[in-house]
Amino acid sequence: MKILGVETSCDETSAAVVEDGKTILSNVVASQADLHARFGGVVPEVASRRHIELMSPITQQALDEAGCGFHDLDAIAVINRPGLIPALIVGVSAAKAMAWAAGLPLIGVHHLEAHIYANFLDFGRNLFPIPYSLFPLVCLIVSGGHSDIVYMTDHSEYEMMARTRDDAAGEAFDKSARAMGLGYPGGPIVDRLAEQGNPEAVHFPRARLDDTLDFSFSGLKTAVIRYVEKARDGMSLPDVAASFQQAVVDVLVTNTFKAAERKGVRQVLIAGGVAANRELQRQMKERGAALGIAVSAPPPELCTDNAAMVAAAGYYRFIRGECCGLDLDAYASEPLAERREGVAAGSGE
Ligand code: KG4
Ligand code: ZN
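Summarised in this report is the structure supplied together with it. Owing to the predicted nature of the structure, the values given are computational and were not obtained by experimental measurement. (Residues numbered from 1 in each chain as written. Chains lettered and ligands numbered in written order. Predicted model: local features only at pLDDT ≥ 70, side-chain atom pairs only at ≥ 80, totals over all residues. Heavy atoms only, no water.)

## Let's talk about the coordination of the zinc ion (ligand 2)
For step 1, the next point in the chain: For the zinc ion (ligand 2), the full set of protein donor atoms is His 111 (NE2), His 115 (NE2) and Asp 305 (OD), at a range of 2.0 to 2.1 Å.
For step 2, the next point in the chain: For the zinc ion (ligand 2), the single-chain donor residues occur in sequence as H-x3-H-x189-D. Here Asp 305 lies in the loop between α10 (300-303) and α11 (308-318) and His 115 lies in helix α4 (residues 111-117), a separation of 190 residues in the sequence.
For step 3, the next point in the chain: According to the relative accessible area criterion, His 115 is buried, its value standing at 1%.
For step 4, the next point in the chain: Relative accessible area serves as the criterion here: at 13%, Asp 305 is assigned to the buried category. (Donors = N, O, S within 2.8 Å, 3.2 Å for Na, K, Ca; no water. Helix = DSSP H or I, 4+ residues; strand = E, 2+ residues; numbered from the N terminus. Buried < 20%, exposed > 50% of the residue type's maximum accessible area, 1.4 Å probe, protein only.)

Okay, structure coming up:
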């Protein structure tokens, strides 16, 4: 079963063909990062215009690389929420037009669900194929807009265990990198720079909210900005990068494994752009090994926005008959799941 995935929710235009929710036949990703770098962030209208220019050639390239035409496809899956509306509507409109013209079923996919399902793609690693017995599991989703911990009891069955109270982890990376005078997006630059630094050089605060697994990164971001202003030329950028990164990683690792222990799961997934961070992956796997909990993370290129993860998530909806009509719309925000009462406060667990 072949599904064409389409993704335009932010600043990546991407199309991919994935077979049976796991085998990547093609995954073409055109990043607009250079276009937005001079603004220090994504400008929605600029992103939208570029998506329009790239959508057709990128889709054609994805089909060509997969060696198939529309007649070989079984469905089209597209991210329709949450995201930048001017960007999202390009992919949604294109997917609807293609589905209508080729007579194919259409599937609307939640952006965070797509990130989670990057873990279900076959990238030739340890725990593939993921067995159904893998559930229940806990997944940490960390991207430019989200920092969530979700509990999954089955495919597409989610319970929100934690979210951020202010900035997302990726936002903290990007804003702290900007304060350090590094480029955009900051995450990958900090990741590389931190390799040469001492993570214990500067003690940045870790916000541990006592009664909840929720995150808060704005205090850390402010601490980095203040430190950089004060230190000026007298600081080692690799040390600041490594110390900041360690503060983020510490909290992500601690809260994720607290969630895993509360639920008694044996499997943890990590997903989203920040999951590409090598130190986060290393420390998650190290802690998992110590606790006897398996940890899965996609390779970096499948952590950041791409359409293969969309096609993978779409597959599990498609086989359950969860398709959409041509009235599918784009939405700026929508939580992946609701919190169950009491979970946030740690009671009843
Ligand atoms: O999932 P994603 O590609 O787009 C959103 O859905 O937001 O995530 C982008 C975020 C950016 O904040 C970027 O700085 C961060 O992921 N990121 C990283 C790394 N690669 C990307 N953060 C830390 N380390 C990385 N290696
Ligand atoms: Zn994303």
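Moving on, there is more to tell.
## Overview of the packing of helix α5 (residues 169-179) against helix α6 (residues 186-194)
For step 1, the next point in the chain: The contact between α5 and α6 brings their axes to 8 Å, and the two run at 70°. Between α5 and α6, the crossing angle belongs to the class labelled roughly perpendicular. Contacts between α5 and α6 involve Phe 173, Asp 174 and Ala 177 on the former and, on the latter, Gly 186, Gly 187 and Val 190.
For step 2, the next point in the chain: Residue composition of the contact of α5 with α6, grouped by class: three nonpolar, two polar and one charged. (Axes fitted to C-alpha atoms, helices over the stretch in contact; angles between N-to-C directions. Parallel < 35°, antiparallel > 145°, perpendicular 65-115°, else oblique. Contact = heavy atoms within 4.5 Å. Nonpolar A, V, L, I, M, F, W, Y, C, P; charged D, E, K, R; others polar.)

## Side note on helix α2 (residues 44-66)
For step 1, the next point in the chain: At Leu 54, α2 shows its maximal bend, which comes to roughly 45°, and the proline Pro 57 appears one to four places after that position.
For step 2, the next point in the chain: The set of residues buried in α2 consists of Ala 47, Ser 48, His 51, Met 55, Ile 58, Thr 59, Ala 62, Leu 63 and Ala 66.
For step 3, the next point in the chain: The inward-facing, buried residues of α2 contact β1 (2-7), β2 (12-19), β3 (23-31), α1 (33-37) and α3 (85-102).
For step 4, the next point in the chain: Two residues or fewer after α2 comes Gly 67, characterised by a positive phi angle close to 65°. (Bend = angle between axes of the 7 residues up to and from the residue.)

## Some points on the packing of aromatic side chains
For step 1, the next point in the chain: Counted according to the given criterion, the structure contains eight aromatic pairs.
For step 2, the next point in the chain: When the centroid spacing of 6.4 Å and the interplanar angle of 20° are considered together, the rings of Phe 120 and Phe 135 count as stacked. With Phe 120 in the loop between α4 and β6 (137-142) and Phe 135 in the loop between α4 and β6, this residue pair connects regions lying 15 residues apart in the sequence. Like Phe 135, Phe 120 is buried.
For step 3, the next point in the chain: Between the aromatic rings of Phe 173 and Phe 244, the centroid separation amounts to 5.0 Å while the plane-to-plane angle is 80°, which identifies the pairing as edge-to-face. Remark: Phe 244 occurs in helix α8 (residues 237-263) and Phe 173 occurs in helix α5; sequence separation between them is 71 residues.
For step 4, the next point in the chain: You can call Phe 244 buried: its relative accessible area is 0%. (Phe/Tyr/Trp six-rings, centres within 6.5 Å; stacked < 30°, edge-to-face > 60°.)

## A short note on the side chain of Ser 216
For step 1, the next point in the chain: With respect to the helices, strands and loops of the structure, Ser 216 is situated in the loop between α6 and α7 (218-231).
For step 2, the next point in the chain: In this structure the side chain of Ser 216 is engaged in a polar contact, spanning 2.7 Å, whose partner is the side chain of Asp 166.
For step 3, the next point in the chain: Each residue touching Ser 216, except ones within four places of it in the same chain, is listed here: Thr 164, Asp 166, Ala 207 and Leu 209. (Polar contact = N/O pair within 3.5 Å; in protein donor to acceptor, adjacent residues only side chain to side chain.)

Any functional reading would require information that these geometric values do not contain.
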